[in-house]
Amino acid sequence: MMEITPAHYTILSAALFSVGLIGVLVRRNIIIIFMAIELMLNAVNINLVAYANEVENLVGQVFVVFVIAVAAAEAAVGLGIILALFRNKETVNIDEMNVMRS
Amino acid sequence: MAEALAFYTLSVLILGLAVAVITTPNTVHSVVFLVLNFLCVAVLYVFLQAEFLAVIQVLVYAGGIVVLYLFVVMLVNLGRSPEEHQDPRRLGLIGLGLSGAVLLELAGIIAYSYTREQSPPVTAAQASPVQGNIEELGWLLYTDYLIPFEVASVLLLVAMVGAIVLARRES
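Procedures and definitions
- Residues numbered from 1 in each chain as written.
- Chains lettered and ligands numbered in written order.
- Predicted model: local features only at pLDDT ≥ 70, side-chain atom pairs only at ≥ 80, totals over all residues.
- Heavy atoms only, no water.
- Helix = DSSP H or I, 4+ residues; strand = E, 2+ residues; numbered from the N terminus.
- Rg over C-alpha atoms; globule rule 2.2 N^0.38 Å.
- Buried < 20%, exposed > 50% of the residue type's maximum accessible area, 1.4 Å probe, protein only.
- Contact = heavy atoms within 4.5 Å.
- Areas by Shrake-Rupley, 256 points an atom, 1.4 Å probe, with all protein chains shown as cover.
- Lys, Arg positive; Asp, Glu negative; His and termini not counted.
- Charge placed at Lys NZ, Arg CZ, Asp CG, Glu CD.
- Buried area = accessible area lost by both parts, 1.4 Å probe.
- Salt bridge = Lys/Arg side-chain N within 4 Å of Asp/Glu carboxyl O.
- Polar contact = N/O pair within 3.5 Å; in protein donor to acceptor, adjacent residues only side chain to side chain.
- Domains from an automatic or database assignment.
- Nonpolar A, V, L, I, M, F, W, Y, C, P; charged D, E, K, R; others polar.

Draft legend 1. Focus on the overall build of chain A. Regarding its fold elements, chain A presents three helices and zero strands. Over its C-alpha trace chain A gives a radius of gyration of 17 Å, far above what one expects of a compact globule, namely 13 Å for 102 residues. When the backbone C-alpha atoms are referred to their principal axes, chain A occupies close to 50 × 25 × 20 Å. Considering chain A as a whole, with its 102 residues, one finds that 51% of them fall into the buried category. Put simply, of all contacts in chain A between residues at least 6 apart along the chain, 57% involve residues at least 24 apart. As presented, chain A carries roughly 4800 Å² of accessible surface, and 65% of it is formed by carbon and sulfur atoms. Positive and negative side-chain charges in chain A, numbering 5 and 8 respectively, have mean positions lying 19 Å apart.

Draft legend 2. A look at unusual backbone geometry. The backbone of Glu56 of chain A shows a phi angle near 55 degrees, a positive value even though the residue is not glycine. Following the sequence through the fold, Glu56 of chain A ends up in the loop between helix 2 (30-55) and helix 3 (59-89). Relative accessible area serves as the criterion here: at 74%, Glu56 of chain A is assigned to the exposed category. Residues other than glycine seldom take positive phi values, yet Gln49 of chain B does so here, at roughly 55 degrees. Structurally, the position occupied by Gln49 of chain B is in the loop between helix 2 (27-47) and helix 3 (51-75).

Draft legend 3. Summary view of the interface of chain B and chain A. With 58 residues of chain B at the contact, the number on the chain A side is 55 residues. In this assembly, chain B packs against chain A so that about 5100 Å² is buried in total across both faces, 78% of it on carbon and sulfur atoms. Among the residues chain B hides against chain A, the three largest losses belong to Ile22, Leu48 and Tyr69 of chain B. Together they make up 14% of the total. Summed over the shared surface of chain B and chain A, the result is zero salt bridges. Applying the counting criterion to the chain B and chain A interface returns nine residue pairs in polar contact (both at pLDDT 80 or more).

Draft legend 4. Highlighting the domain arrangement of chain B. Residues and elements named next belong to chain B. Splitting chain B by domain gives domain 1 (1-78) and domain 2 (131-171). On a C-alpha basis, the centres of domain 1 and domain 2 stand 22 Å from each other. Taken together, the contact pairs four residues of domain 1 with four residues of domain 2. Buried surface at the junction of domain 1 and domain 2, both sides included, amounts to about 330 Å², of which 69% is carbon and sulfur. Scanning the region where domain 1 abuts domain 2 turns up zero salt bridges. Counting every contact that joins domain 1 to domain 2 gives zero residue pairs in polar contact (both at pLDDT 80 or more). Class assignment of the residues belonging to the side of domain 1 that touches domain 2 gives a composition of two nonpolar, one polar and one charged.

Structure follows, in structure tokens:
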């Protein structure tokens, strides 16, 4: 209990990922959903860094750098899409964003 | 013992802030909780000897991505009708108090720097080398992972162009 092992970090990461997943699945505001996706990416990063520290190999941290870069790209494009959708439909509710549905 | 205490405190903070992010009805509050969550994760990275990632986390996530979110939240703000605006005078008082606190802090720093005794200047030989693993991480990124690194930069360029095209107002 007193010694922090990678298992502790894995549990924290899993819990954080689940919280993000609940946010993606339950909330209807698309901006909140994007933030929940960022939470899930952070959970993955915690796992990678914890195990990189455990096995004393820096490759895990290199992967985290790439994950952060992809998250930045995803946020930029996703928020651009949100702005374009909001301009067309005047809403941020994903239930009303069904223009691609036949 | 101390490490366990720090870990459990940070875990509670991270999970609690994550729950706050997805449950708060006000989107602006949600973004603020997200910033605090990212800062707590950065502290966790410091515990895991990933100092460079902690800095990147603060700069890119808490500094860049979240500001982007805040911009979009402000641009698409629907949830608040004009009648719900709070009394501007009350918020002004809070702002006044915060500015006063910052002013006091700055005054304290200046007073402290004048009153303490003069320490000898640090020469280059005395200055300790940078702690952490930034050098090794940079070595890995520019040797073994050079191609993924360049691909990531191209991806960021494409994302930048795409975001500009998507957000541009069609005239």
